[in-house]
Amino acid sequence: MAHYPVMKEQVLNWLNLRDGGIYVDATCGYGGHSRYLLEADKNIVLYGLDKDADAVKSASRELAGFKNFKAVHSGYENLDSVLKGEGIENVDGILMDLGFSTNQIRAGERGFSFQTEGPLDMRYDRREGLTAGEIINTWSRNDLVWIFENCGEIKKAGKFVDRIVERRRKKRFETTVELADFIKQLCRHKTKIHPATKFFMALRIAANNETEVIKEGLTKAAGALKKKGRLVVISFHSIEDRIVKRFFRDNAELEALTKKPLTADKKELAENPESRSAKLRACKKV
Ligand SMILES: C[S@@+](CC[C@H](N)C(=O)[O-])C[C@H]1O[C@@H](n2cnc3c(N)ncnc32)[C@H](O)[C@@H]1O
């Protein structure tokens, strides 16, 4: 099953497509939003970027019928060089749909899910960076406390990290389910969400250096827009949304079009419950 493109109608509305315009889906994944945009306006040119080689292959195959679409294996933090390579100076609109896709979660071997057995990887681009396994098994106590508190919003992470360090001395953490089960037995209180959720989020952010990369991507996106060009960003947790909100607020070249973040409507929530945490912000270049 394909990834459900979150808040697609709002994305289309805020991107405000114009015939002949050049657009970038900076996180095209398996092509959900890209397809929707290409079907909405046959006269746009769309570049789809993704860090995940499997996603790029799939999007190229799925959208091969659209001659005005090109998938590029690259991070959005390199948007400037991608556009330069294509001979494009600036663009009319950019979409960033942050985080991981359902396809990545379902693929156990990618290591994103604590419910599906797999190696502790969690990198979007498997050509670079540290795996979550390298982080959990080798980072210092203080560094682990820092990422769990700052990237996972876990209070007093020290007590968990002490147990993790004690355990890894005897035996390294190898798989997702092994780590999730270990964390679960450290948390005595019953919680609505699985106790490993926030630990996995923090490890994913660390493995991909995600907060820094998002800031870099936003800067490149703002730089690439034409005057009146639109940037639409969907985020899925408060750490990401805070970065986007501050970036829109502090960048003199951008005017926020959404005063508060928009969320999925009732119909979408019923069809795709995962959209409940999506927050969409849009801005235009002035
Ligand atoms: C929420 S999914 C996007 C799904 C897509 N909008 C769709 O409708 O199918 C996020 C995607 O962003 C990609 N990604 C994460 N970090 C990235 C980066 N720095 N540059 C480009 N893509 C990135 C992930 O690999 C993933 O495929």
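For the packing of helix α11 (residues 210–224) against helix α12 (residues 238–250), give the residues involved together with the corresponding values.
Two elements in contact, α11 and α12, have axes whose closest approach is 10 Å; the angle formed by their N-to-C orientations is 30°. Accordingly, the angle class assigned to the pair α11 and α12 is roughly parallel. Relative to α12, the crossing made by α11 is right-handed. Here Glu210, Thr211, Ile214, Lys215, Leu218, Thr219 and Ala222 of α11 come into contact with α12, specifically with Ile239, Glu240, Ile243, Val244 and Phe247. Considered class by class, the residues forming the contact of α11 with α12 number seven nonpolar, two polar and three charged.

Can you lay out the sheet that holds strand β6 (residues 254–256) for me, pointing to particular residues and giving the numbers?
Pairing in this open sheet of seven strands is mixed, and the strands run β3-β2-β1-β4-β5-β7-β6 from one edge to the other. Of all strands in the sheet, those bounded by a partner on one side alone are β3 (69–73) and β6. Across the sheet, the axes of successive neighbouring strands diverge by a mean angle of 20°, strand direction being ignored. Helix α1 (residues 8–15) contacts β1 (22–25), β4 (91–97), β5 (225–235) and β7 (279–285) of the sheet and is inclined by roughly 165° relative to β5. On the sheet, α11 packs against β4, β5, β6 and β7 and is oriented at approximately 155° with respect to β5.

Go over the site of the ligand, please, and point to the residues and values.
Near the ligand you find 25 residues, and of these His33, Asp50, Tyr76, Asp97 and Gln104 are the closest. Residue His33 places a side-chain N or O atom 2.8 Å away from a nitrogen atom belonging to the ligand. Contact distances for the ligand include 3.4 Å between a nitrogen atom and a backbone N or O atom of Lys51. Contact with the protein chains hides 99% of the accessible area of the ligand, taken as 610 Å² for the molecule alone. Split into classes, the residues belonging to the shell around the ligand amount to nine nonpolar, eleven polar and five charged.

An account of the packing of helix α8 (residues 158–170) against helix α9 (residues 176–186) is needed here, citing residue identities and associated values.
Look at α8 against α9: their axes get within 11 Å of each other, and the N-to-C directions meet at 130°. Taken together, the axes of α8 and α9 are oblique relative to one another. Crossing angle aside, the handedness with which α8 passes α9 is right-handed. Residue-level inspection shows Phe160, Arg163, Ile164 and Arg167 of α8 in contact with α9, the latter providing Glu178, Phe182 and Leu186. Residues belonging to the contact of α8 with α9 are distributed by class as follows: four nonpolar, no polar and three charged.

A description of helix α2 (residues 32–40) should follow, citing residues and the corresponding values.
Note: α-helices contain 3.6 residues per turn, so residues at a spacing of three or four share the same orientation. Within the span of α2, buried status applies to His33, Ser34, Leu37 and Leu38. The arc enclosing the buried residues of α2, seen along the axis, measures out at 130°, which places them on a common side. Turning to α2, the residues buried within the fold contact α1, β1, β2 (45–50), β3, β4 and β5.

Which residues make up the domain arrangement of the protein chain, and what values go with them?
When the domains of the protein chain are assigned, the result is domain 1 (8–103 + 210–285) and domain 2 (130–207). Taking only C-alpha atoms, the centre of domain 1 and the centre of domain 2 are 31 Å apart. Together domain 1 and domain 2 conceal approximately 630 Å² of surface at their shared face, both sides included; 53% is due to carbon and sulfur atoms. Area buried by domain 1 at its contact with domain 2 is led by Glu210, His237 and Ile239, which between them contribute 66% of it. There are three salt bridges connecting domain 1 and domain 2. A salt bridge links Arg204 to Glu240; the shortest N-O distance between them is 3.6 Å. Sorting the residues of the side of domain 1 that touches domain 2 by element identifies α11 and α12 as the ones contributing at least two each. The element that contributes the greatest number of residues to the side of domain 1 that touches domain 2 is α12, accounting for four residues. Along the lines of polarity and charge, the residues of the side of domain 1 that touches domain 2 split into two nonpolar, four polar and three charged.

The rules we used
- Residues numbered from 1 in each chain as written.
- Predicted model: local features only at pLDDT ≥ 70, side-chain atom pairs only at ≥ 80, totals over all residues.
- Heavy atoms only, no water.
- Axes fitted to C-alpha atoms, helices over the stretch in contact; angles between N-to-C directions.
- Helix = DSSP H or I, 4+ residues; strand = E, 2+ residues; numbered from the N terminus.
- Parallel < 35°, antiparallel > 145°, perpendicular 65-115°, else oblique.
- Left-handed = near helix turned anticlockwise from the far one by under 90°.
- Contact = heavy atoms within 4.5 Å.
- Nonpolar A, V, L, I, M, F, W, Y, C, P; charged D, E, K, R; others polar.
- Pairing = 2+ DSSP bridges.
- Near = heavy atom within 4 Å.
- Polar contact = N/O pair within 3.5 Å; in protein donor to acceptor, adjacent residues only side chain to side chain.
- Areas by Shrake-Rupley, 256 points an atom, 1.4 Å probe, with all protein chains shown as cover.
- Buried < 20%, exposed > 50% of the residue type's maximum accessible area, 1.4 Å probe, protein only.
- Arc of directions from axis to C-beta.
- Domains from an automatic or database assignment.
- Buried area = accessible area lost by both parts, 1.4 Å probe.
- Salt bridge = Lys/Arg side-chain N within 4 Å of Asp/Glu carboxyl O.

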